[in-house]
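Architecture and fold: a report
Now for the letters of each chain:
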Amino acid sequence: MVLQKSLPMTAGDSECSYANNSILQRTVIVKAKPVLEDTIKNMFKNAIFPKCFTVADLGCSSGPNTLLSISNVIDMVHNLCKENKSEPPEFQVYLNDLPDNDFNSVFKSIPSFIEKMKKENYGNCFIAGVAGSFYERLFPLNSLNFVHSSYSLHWLSQVPKGLECNKGSILISKSSPPQVLEAYFKQYEKDFSSFLHNRSHELMSGGHIVLVFVGRSNPDPRSYDCCCLMDLLTKSLLHLAAEGKIKEDEIDSFNMPSYTPYEEEIKKIIQIEGSFTLQRLEAFESDMAAIEKPNGKHFEDSAKLVVKTIRAVTEVMLASHFGNSIIDHLFDIYIKNVIEYLSMGNTIKFFNISLCLQKK
Ligand SMILES: C[S@@+](CC[C@H](N)C(=O)[O-])C[C@H]1O[C@@H](n2cnc3c(N)ncnc32)[C@H](O)[C@@H]1O
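As a starting point, this report considers the structure included with it. (Residues numbered from 1 in each chain as written. Predicted model: local features only at pLDDT ≥ 70, side-chain atom pairs only at ≥ 80, totals over all residues. Heavy atoms only, no water.)

Notes on the packing of helix 10 (residues 299-322) against helix 11 (residues 327-343)
In contact at an axis separation of 9 Å, helix 10 and helix 11 are set at 140° when each is read in the N-to-C sense. In terms of orientation, helix 10 lies oblique with respect to helix 11. Between helix 10 and helix 11 lies a crossing whose hand is right-handed. (Axes fitted to C-alpha atoms, helices over the stretch in contact; angles between N-to-C directions. Helix = DSSP H or I, 4+ residues; strand = E, 2+ residues; numbered from the N terminus. Parallel < 35°, antiparallel > 145°, perpendicular 65-115°, else oblique. Left-handed = near helix turned anticlockwise from the far one by under 90°.)

Some details on the sheet that holds strand 1 (residues 52-58)
Ordered in space as 3-2-1-4-5-7-6, the seven strands form an open sheet in which the pairing is mixed. A strand with exactly one partner marks an edge of an open sheet, and here the two such strands are strand 3 (125-131) and strand 6 (276-287). Geometrically, the sheet is characterised by an average inter-axis angle of 15° between neighbouring strands, direction not taken into account. Relative to strand 7 (residues 349-359), strand 5 (residues 203-214) is paired through seven bridges, and the arrangement is antiparallel. Each residue of the ladder has a partner; that of Ile209, found in strand 7, is Leu357. (Pairing = 2+ DSSP bridges.)

Here's the deal with the site of the ligand
Close contacts around the ligand come from 19 residues, with Tyr18, Gly59, Asn65, Asp97 and Ser150 the closest. A distance of 2.8 Å is found between a nitrogen atom of the ligand and a backbone nitrogen or oxygen belonging to Gly59. Here an oxygen atom of the ligand sits 2.9 Å away from a polar atom, N or O, in the side chain of Asn65. Considered on its own, the ligand offers 590 Å² of accessible surface; in the complex 98% of this is hidden by protein. At the level of elements, helix 2 (23-31) and strand 2 (90-97) are the ones that each hand at least two residues to the shell around the ligand. Of the residues contributing to the shell around the ligand, the split by class is nine nonpolar, nine polar and one charged. (Near = heavy atom within 4 Å. Polar contact = N/O pair within 3.5 Å; in protein donor to acceptor, adjacent residues only side chain to side chain. Areas by Shrake-Rupley, 256 points an atom, 1.4 Å probe, with all protein chains shown as cover. Nonpolar A, V, L, I, M, F, W, Y, C, P; charged D, E, K, R; others polar.)

What about the nonpolar core?
In this structure, Phe192 and Ile348 are the most contacted members of the largest nonpolar core, which totals 84 residues. Core analysis: the second largest hydrophobic core is formed by 32 residues, Met43, Leu67, Ile127 and Cys356 among them. (Core = buried A, V, L, I, M, F, W, Y, C linked by side-chain atoms within 4.5 Å. Buried < 20%, exposed > 50% of the residue type's maximum accessible area, 1.4 Å probe, protein only.)

Focus: the pairing of strand 4 (residues 144-150)
Summarising burial for strand 4: seven of the seven residues are buried, a large majority. Two elements, strand 1 and strand 4, share three bridges in a ladder whose sense is parallel. When the bridges of strand 4 are listed, Ala56 appears paired with Val147. When strand 4 meets strand 5, the two strands line up parallel, connected through six bridges. When the sheet's bridge partners are listed, His148 is paired in strand 5 with Val210.

Some thoughts on the pattern of salt bridges
Tallied over the entire structure, the rule returns 14 salt bridges. When the shortest N-O distance is used, the salt bridge between Lys308 and Glu15 registers 3.4 Å. Taken together, the positions of Lys308 in helix 10 and Glu15 in the loop between helix 1 (3-6) and helix 2 put the pair 293 residues apart, joining distant regions of the chain. On the accessibility criterion, Lys308 (32% relative accessible area) is partly exposed. In this structure Glu15 comes out as exposed when scored by relative accessible area, which is 56%. Between Arg311 and Asp328 there is a salt bridge, and its shortest N-O distance comes to 2.8 Å. (Salt bridge = Lys/Arg side-chain N within 4 Å of Asp/Glu carboxyl O.)

Below is the structure:
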């Protein structure tokens, strides 16, 4: 699988697009805001503001979340300038994602964002798109003040090698043998180290990174928290295989390039890579099925929301492996499986990790 070509979220603004199905990720950005706020405050505790604040959001995707974190950062810096009666900086913003991301939609949303900034007297903000993998170098040496990334770093740069024995699973599952766990961890270790190493070249001395991604609360990767959703997706694929719509060996050869790390794994990689000090690490859960429940909605609506969220981030990948023709049917079966799962009293929770790093 050539990942750079097959990972993008569903583009555009159709019913199934990422833009219309990213409430979970938006909730996570909101919940992780205190870490962002403290980091920005800490960066400017001496009340010395640069003339230009250069910030990159990595894995920006397209849709309402794309400029949300950046907008939060600009607000925070601006408020600090006000408090300190300092001139606010200009902002150079880089929005990064893989080349197949829907950058056309992103660019179309920029003029209204800049207009809003002007109305609020926020000064100059220059926004550019950067297409490429954040596991490689993206920016010149010592050119960034701040890097942010939300809900992107649990995606690996590629499907790990050596997963032939992960039969009947599309990710680490309860039945995955130890070689599979090791292969996933090795790929994660390599990728996260590269991410840190490359950012250490790009950030100015003392520059900060805030990351939010899906992790797990248990050291055993087979018991990881949101395992159920991928198991239910596997079950739906097996249902299609039983109907003769796909072959079982097509399922055996499909593996998702994703890893949800445990706190200690993250800390160890940061320590061994050595370029950053871990200033803060926090974990929080988001209950996916509860996101839309406050109005008394039934679990069927929750299941539909859950499935639409997963569809927006997996459809391109699944279609490129199994073909487009099975996608609608697959997700109809998936909805039924999630309804059944929720109706048995289960919840669907994501265990999120947010952290702040400072370049040494
Ligand atoms: C779930 S979306 C998150 C988007 C947005 N940050 C949010 O919070 O809503 C994950 C994004 O990460 C991007 N991504 C995954 N791997 C990447 C990589 N190696 N380099 C750059 N972007 C990547 C995907 O293309 C996708 O747009």
